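Each chain, letter by letter, is given below.
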Amino acid sequence: MSLLVLQDVGKEFGAIRALSHVNLTIKPGEVVGLMGDNGAGKSTLVKIIAGNFPPSHGRILFENQEVHFTKPIDARSIGIEVVYQDLALADNLTAAANVFLGRELKRRVGPFSFLDHAAMNQRTADLFRELKSETRPDDVVRAMSGGQRQAVAIARTRLAKAKLILMDEPTAAISVRQVAEVLDLIRRLRDAGIAVILISHRMPDVFSVCERVIVMRRGTKVADKPIGQSSPEEITALITGAKEAA
Amino acid sequence: MSELSPATGSQTSDFSNVGRTRWWRRGFFASQTAYVAAALIAIMIVMSFLSSAFLSSGNLANVAKNFSFVGIVTLGVTLVIVTGGIDLSVGSTMALSAITCAIVMQTVSGTAFDSVPIAGMLVSLGAGLGVALLVGLANGLLIARIGLSPFVTTLGMLSIVRGLAYAVTEGRGQAPTGPDVDLFYGITDGDIAGVPVAIIYLLILAIIIGIALHHTAFGRHVFALGGNEKAAALTGVAIERVKIAVYVLSALFAGFAGILMLGWLGSAPANLATGYELTIIAAAVIGGANLNGGIGGPAGAVIGALLIEVIRNGLVLAGINAYWQIVLVGAIIILAVLVDRLRTLRMAS
């Protein structure tokens, strides 16, 4: 069974063709690297899957059902979550507050409902333990390392019971030790049966966690192969166009 | 490619790996509000030694009343500031609410309303607060729905509302009248066990705001909006509703304080509370609200308003020219923000 299937998906912005004839399949629990130079169509593809805008052509199937997204909440409601490059965290709030932002747990007292701090902290602590991240639920995000911030953003997707997580450059601009931490987080998501699409420029990251790599160039998919049958050199050639397709 | 080390098998619940900030460097103790509170206490102790009149019950009641009006409005403006906005229209709203309340009271007295006890007063209070609600709604809709800048929108509203206050009164002060006027003075300017009611209202509202900010989803969203508006929107927080709500609350608090001032003064002139918006924003900032959004609270609003009033009062008792008070308030604002800046720089290094 496949989790996500794109059939002949294309997208035009006015006269500009950002994406043409993209076919791809993601299976549950699969970690797929999505690579390509700037302007290759990666972000357009990700935004279509995340529901930011609908494709101009083609069909999207999620769990064998055709789906039509017009806004991100449509995608999120069926189990597709995005971890944004800037992580979209509120620095002034605690980890638990960020994880539960917009879906706070509440307790009713008469006509009022109050935040259930204890339950949210507890649940957040469980999520961090699951992710094996050393992050405290009641610490403020401002004081956290890049790796801990990733853990907060990922914990949020876990809370939503996501089946597919799109990660946009999660290892850009963080330290080497934190990169290892984030890659471990991705492995844990895979072990929990969650599919991950990792958008990255960093070849070593893709080769250490992904089972498959998809390369985009000028709006089309030029390669889609198991990581074991490729090499960083080949991928680089595909990205730059030195090699046409694989 | 490098082989990554497998996940560390050690217990992750002991956090041996992650340092924790010492207690006095986080939470309330590390906040600007805390050291402004300390400064306030120090100033009050010094002043009680310098002037025997400072601790007299008459003077304390005076200080309490004066700062309560500013403090109540500061609570509302603090909410706006926490979302990353600003509300400059509060001084004008205080005046228009007070004037509307007085005019409606004059209009309904002598009509059928007199036959029902307190009906005339309730209608007048409702009208005063209703006008404030409309001002807040206009601010909120223009800022949240249309996306105008809070500074420009509320600056325009400052002028519109002040103009309306002059237009409807033609410059004449409006006094409350009618059968309920004594009750009106009682609930706006009375005492309970020797404590002016204004300060009781202030403390009750401060507690309600404190609970709302820290223990409800609304409060959480107010902070999230100020911390990272884009993140709040992405996670599905109804940011338009939250923004409109804070401007409405800010205006309502201003209207309420205006009506209290009407009771205190016995008349609402069109120039009531002119320039108060600056004192109010100053009080919020001195109390620790960050104009970049995301930080602030009711304790800071109350402490900031009290600090300004105590210093103003101190200068009066010391016989210093009133014009210098304005200079000093400005200096305190800059000092408070400067101290906070130095402190965060030191903690970051």
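Structure shown above.
To start, this report covers the structure provided alongside it. Because the structure is a prediction, the values reported are computed rather than measured.

For chain B, the count of helices and strands is 13 helices and two strands. Burial analysis of chain B (349 residues in total) assigns 44% to the buried set. Pairs at least 24 apart in sequence give 78% of the contacts found in chain B among residues at least 6 apart.

Now for the sheet that holds strand S12 (residues 220-226) of chain A. Residues and elements named next belong to chain A. Strand order in the open sheet formed by six strands is S6-S9-S10-S3-S11-S12, and the pairing between neighbours is mixed. Each edge of the open sheet carries a strand with a single partner, namely strand S6 (80-83) and S12. In this sheet, adjacent strand axes meet at a mean angle of 20 degrees when their direction is disregarded. Bridging between strand S3 (residues 31-36) and strand S10 (residues 195-199) involves four bridges; their strand directions are parallel. Bridging from a neighbouring strand, valine 32 pairs with isoleucine 197 of S10.

Residues spaced three or four apart along an α-helix point in a common direction, a consequence of the helix completing one turn every 3.6 residues. If you check helix H5 (residues 146-159) of chain A, its first and last C-alpha atoms are 20 Å apart, about what 14 residues at 1.5 Å a residue would give, namely 20 Å. Across the 14 residues that make up H5 of chain A, a large majority, twelve, are buried.

Now for the sheet that holds strand S5 (residues 65-66) of chain A. Residues and elements named next belong to chain A. What the four strands build is an open sheet, ordered S2-S1-S4-S5; its pairing is antiparallel. Of all strands in the sheet, those with a lone pairing partner are strand S2 (16-26) and S5, marking the two edges. Summarising the sheet, strand S1 (residues 4-13) and strand S4 (residues 57-62) pair through five bridges and their orientation is antiparallel. Of the residues in S4, the one forming a bridge with valine 5 is leucine 61. Across the sheet, helix H1 (residues 42-50) lies against S1 and S2, angled at about 60 degrees from S2, the strand it touches most.

The backbone phi angle of lysine 161 of chain A is positive, close to 55 degrees, even though this residue is not glycine. Checked against the element boundaries, lysine 161 of chain A lands in the loop between H5 and strand S9 (164-168). A tally of 9 C-beta atoms within 10 Å means that lysine 161 of chain A is categorised as exposed. Phi angles above zero are rare outside glycine, and alanine 273 of chain B is one such case at about 60 degrees. Mapped onto the secondary structure, alanine 273 of chain B falls in the loop between helix H10 (239-265) and helix H11 (276-286).

The next subject is the packing of helix H4 (residues 119-145) of chain B against helix H5 (residues 150-169) of chain B. Residues and elements named next belong to chain B. At their nearest, the axes of H4 and H5 sit 10 Å apart, and the two run at 150 degrees to each other. Here H4 is positioned roughly antiparallel relative to H5, judged by the angle of their axes. Two packed elements cross with a definite hand, and for H4 against H5 that hand is right-handed. On H5, the residues that touch Val135, Ala138, Asn139, Leu142 and Ile143 of H4 are Pro150, Thr153, Thr154, Met157 and Val161. For the contact of H4 with H5, the per-class residue count stands at seven nonpolar, three polar and no charged.

With that settled, consider helix H4 (residues 117-130) of chain A. Residue and element names in this part refer to chain A. Taking 1.5 Å of rise per residue, the 14 residues of H4 would be expected to cover 20 Å, and the 20 Å separating its terminal C-alpha atoms lies within 8% of that figure. Where H4 is concerned, the buried positions are Met120, Asn121, Thr124, Leu127 and Phe128. Take H4 and look down its axis: the buried residues cluster within an arc of 125 degrees, on one side only. Looking at the buried positions of H4, the neighbouring elements they touch are helix H3 (95-99) and H5. Looking one or two residues past H4, lysine 132 carries a phi angle of roughly 50 degrees, positive in sign.

By the secondary structure assignment, asparagine 38 of chain A is in the loop between S3 and H1. When the C-alpha atoms of asparagine 38 of chain A and tyrosine 84 of chain A are compared, they prove to be 17 Å apart, with 46 residues separating the residues in sequence.

A word on the nonpolar core. Grouped together as the largest cluster of nonpolar side chains are 164 residues, with contacts concentrated most on Val196 and Leu198 of chain A together with Val73, Met94, Ala95, Ala98 and Ala257 of chain B. Here this core takes 15 residues from H10 of chain B, the largest share from any one element. Excluding residues that lie within four positions of it along the chain, alanine 98 of chain B makes contacts with Gly128, Gly258, Ile259, Met261, Leu262, Ala268 and Leu272 of chain B.

Attention now moves to the pairing of S10 of chain A. All names here are of chain A. Summarising burial for S10: five of the five residues are buried, a large majority. Along S10, one buried face is formed by Ala195, Ile197 and Ile199 and the opposite face, lined by Val196 and Leu198, is buried too. Where S9 lies against S10, five bridges are found, and the strand directions are parallel. Each residue of the ladder has a partner; that of leucine 164, found in S10, is alanine 195.

This part covers the pairing of S9 of chain A. Residues and elements named next belong to chain A. In terms of burial, S9 is largely enclosed, as five of its five residues are buried. The alternating pattern of S9 places Leu164, Leu166 and Asp168 and Ile165 and Met167 on opposite faces, both of which are buried. With four bridges joining them, S6 and S9 adopt parallel strand pairing. Note on S9: the bridge partner recorded for valine 83 is methionine 167.

The rules behind each value
Residues numbered from 1 in each chain as written. Chains lettered and ligands numbered in written order. Predicted model: local features only at pLDDT ≥ 70, side-chain atom pairs only at ≥ 80, totals over all residues. Helix = DSSP H or I, 4+ residues; strand = E, 2+ residues; numbered from the N terminus. Buried ≥ 20, exposed ≤ 12 C-beta atoms within 10 Å, placed from the backbone. Contact = placed C-beta atoms within 7 Å. Pairing = 2+ DSSP bridges. Axes fitted to C-alpha atoms, helices over the stretch in contact; angles between N-to-C directions. Expected span 1.5 Å × (residues − 1). Parallel < 35°, antiparallel > 145°, perpendicular 65-115°, else oblique. Left-handed = near helix turned anticlockwise from the far one by under 90°. Nonpolar A, V, L, I, M, F, W, Y, C, P; charged D, E, K, R; others polar. Arc of directions from axis to C-beta. Core = buried A, V, L, I, M, F, W, Y, C linked by C-beta atoms within 7 Å.

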